[in-house]
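Structure assessment
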Amino acid sequence: MTQNPHVAAVVVTYNRLEKLKKGLAAIRASSVRPQTILLVDNDSTDGTGDYLRSIAGDEDVHVLSLPKNVGGAGGFAAGLRRAYELGADFFWIMDDDCYPEPDALERLLDEHRAVEEHVHDRVPFACSVVKFVDGQLCEMNEAVTTWDWPRYLVQGLNSVKVRECTFVSVLLPRWTVEEHGLPLAEYFIWYDDKEFTKRLSGRTRPGIQVLDSYVVHDMGDNKGVNYGQITAQNVWKFKYGARNQSSYRWHYEGKLSWITYVKTVVGKMRRGGVPRSLQLQMVRQLLAGIRFNPQPQFPQRPAKAPSAG
C-alpha cells in the first residue's frame, strides 16, 4: 500500500438532500481528504438527482445514479463495485446523514496502518465511534467487540478489536471486496453491514474501532432496534431485518443460534404488545430466512492498459 493511498468515500443517499449536502461538506473538510467522493443516488424523488447533476463536474465527485431504489444494501454493493473499478485503495463508506469530524478519516488511516504493522497481518476494516447529534453514543451504531477487545489498547495503540459494525464510517481496504465479495444487495436494508463485517472478521481477523475517530449520525431518534416497538408504519423495515438476520443465523451460525433469535424476536413482540397481525407478518419473515440465502457477488478486476509497442 502506498503512503498516500487513493481513498474513495462511498455515500448512499435517498431523499435526504439537505443532510447529503451537510455530509458532503463535512467530507470535504477532512484533514486528509478522499480523492474521490462517490455519491450513490437510490433514485431519489426530492431533487437530489438535479443537485447531483449540478456537481457532477466537480473534480472530486463521481455520481452513480441507480435506476431504482435498491435500498442501502444494494446501494453500498453498487457503490463499492464502482469504487473498486475506479481503482481506489480504500473505501470509506457511510450513510448520507453521517457527518465526519475533520480528522475522522486521518485517524482511521493512521490507526489501521499502525495495527497492521503491529500484528504483521492485514486488518479487514476500521470503524469510527458514532455519536448522535447531542454528543451521546448512537444506539443504532455500536460496534460489537471481541472477547479480548482491549488487546491493542493495552499494547499502546488507540483502538479496540471488533467483529462487526455498521456502515456509518467504516474504512475497507481494497482486498476485502476483491477476496471476499460485496455486501449482499438482496438484503435491501438492515443487517447487510453486520453480515459483511462479520464475514470479513470471521474469514480473516477482527477489525478495529478507532477511539479518536468520530462521526455524527443525524438519524431521527437515538434508538436501537426494538422488536417490541413494531407498528404498522415501521413493520416493513423490521420485516427485512428479521428475514436477513434469520437467514444469516440459520445458514452461518446454526439452528441453535436461529432458535435463540426467533425466541428473542417473538418474546419482545409479545411483551411490547405488538398487534398479532404484525407479529404474524414477522414470523413469516423469520421462516422465510431459512430459504433465503443470497451469495456474495465479486467486482471485476479493472482491465489492464495494453503495453506500449
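These numbers were taken from a predicted model, which means no experiment stands behind them. (Residues numbered from 1 in each chain as written. Predicted model: local features only at pLDDT ≥ 70, side-chain atom pairs only at ≥ 80, totals over all residues. Heavy atoms only, no water.)

1. Comments concerning the UniProt feature "domain: Glycosyltransferase 2-like" (unreviewed entry) in the chain
Applicable threshold: UniProt positions are given in the numbering used here, feature names are shortened, and annotations may be inferred rather than shown by experiment. The way it works is that DSSP assigns letters per residue, a run of H or I at least four long becomes a helix, a run of E at least two long becomes a strand, and they are numbered from the N terminus.
Here the UniProt-annotated "domain: Glycosyltransferase 2-like" (unreviewed entry) positions come out as residues 10-114. Spanning residues 10-114, this segment combines 44% helix with 23% strand, and its end C-alpha atoms are found 24 Å apart.

2. Concerning the environment of Pro 100
Here is the rule we go by: Note on contacts: a residue pair qualifies if any of its non-hydrogen atoms lie within 4.5 Å across the two residues.
With respect to the element layout, Pro 100 can be found in strand β5 (residues 98-100). For the pair Pro 100 and Gln 285, spaced 185 residues apart in the sequence, the C-alpha separation amounts to 35 Å. Leave out the neighbours within four places in its chain, and Pro 100 touches Gly 23, Ala 26, Ile 27, Trp 92, Met 94, Tyr 214 and Val 215.

3. Section: empty space enclosed by the protein
Just so we agree on the cut-off: A cavity here means a set of 1 Å grid points, computed over protein atoms only, where a 1.4 Å probe fits but cannot escape. A pocket is an open set with protein on both sides within 12 Å along at least 5 of 7 lines, and lining residues have an atom within 4 Å of a point. Grid points are joined across faces, edges and corners, and a volume is the space filled by probe spheres set on the points. Polar here means any residue other than Ala, Val, Leu, Ile, Met, Phe, Trp, Tyr, Cys and Pro, which are nonpolar, and Asp, Glu, Lys and Arg, which are charged; Gly is therefore polar.
Within this structure, the stated rule accounts for two cavities of 30 Å³ or more. Roughly 40 Å³ of internal volume is contained in the largest cavity. Looking at the largest cavity, the residues that line it are Cys 127, Ser 128, Val 130, Asn 141, Ala 143, Cys 165, Thr 166, Val 168, Ser 169 and Gln 209. Ranked by residues supplied to the lining of the largest cavity, first place goes to strand β6 (residues 126-131) with three residues. Its residues assigned to classes, the lining of the largest cavity comprises five nonpolar, five polar and no charged.

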